[in-house]
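Observations on the three-dimensional arrangement
Spelled out, the chains give:
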Amino acid sequence: MNLSVKRVLVTGGSGFLGRHVVQALDRHGCRDVVVVRKAQYDLTREADVTRLYQDLKPDVVVHLAAVVGGIGANRESPGTFFFQNVMMAR
C-alpha cells in the first residue's frame, strides 16, 4: 500500500509512541497524517467516533490512543483505565 497518497489517522499520535510513528510516516513520504486529541474526539464515545470518520474520512487508521497513568494511578483505578481503553478498542 502506498501511504504517500493516503490520509492516515493516528489516534494517540501526540503520545510517547504515537509521536515516533508520526515521524516515521513522515520520513517514509506520508504527507496526509492526521493526529486528533481527546478534546476534539473522545474515542470512548461512539458519537464522537462516528463524527471523526465523517469529518476526516481516513483511508488508514493506526490506533494507538490509550488512557494511561503511572503505576500509582493504575493501582488506584485499574477498572477505570481498563474500561476506557476497552471502549476505545471496540
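Presented here is a report on the structure given in the accompanying data block. (Residues numbered from 1 in each chain as written. Predicted model: local features only at pLDDT ≥ 70, side-chain atom pairs only at ≥ 80, totals over all residues. Heavy atoms only, no water.)

1. A closer look at the side chain of D48
Relative to the helices and strands, D48 is located in helix α2 (residues 46–56). The residues contacting D48, other than those within four sequence positions of it, are Y41 and D42. (Helix = DSSP H or I, 4+ residues; strand = E, 2+ residues; numbered from the N terminus. Contact = heavy atoms within 4.5 Å.)

2. Topic: the pattern of salt bridges
Side-chain pairing between opposite charges can occur once the charged atoms of the two side chains come close. Counted under the stated rule, the structure contains four salt bridges. The partner of D32 in a salt bridge is R7, with the nearest N and O atoms 3.1 Å apart. Of this pair, D32 sits in strand β2 (residues 32–36) while R7 sits in strand β1 (residues 7–11), placing them 25 residues apart in sequence. A salt bridge links R31 to D26, with the shortest nitrogen-to-oxygen separation between them at 2.7 Å. When its relative accessible area of 60% is taken as the criterion, R31 is described as exposed. Looking at D26, the relative accessible area reads 43%, which means it is partly exposed. One connected set of salt bridges, linked through shared partners, spans D48, R51 and D55. (Salt bridge = Lys/Arg side-chain N within 4 Å of Asp/Glu carboxyl O. Buried < 20%, exposed > 50% of the residue type's maximum accessible area, 1.4 Å probe, protein only.)

3. What to know about the sheet that holds strand β3 (residues 60–63)
If you walk across this open sheet you meet the three strands as β2-β1-β3, and the pairing is parallel. Both outer strands of the open sheet, β2 and β3, are each paired with one neighbouring strand and no more. Along the sheet, successive strands turn relative to each other by an average axial angle of 20°, direction set aside. Of the strand pairs in this sheet, β1 and β3 are connected by four bridges, and their pairing is parallel. Following the sheet pairing, L9 is matched in β3 by V61. (Pairing = 2+ DSSP bridges. Axes fitted to C-alpha atoms, helices over the stretch in contact; angles between N-to-C directions.)

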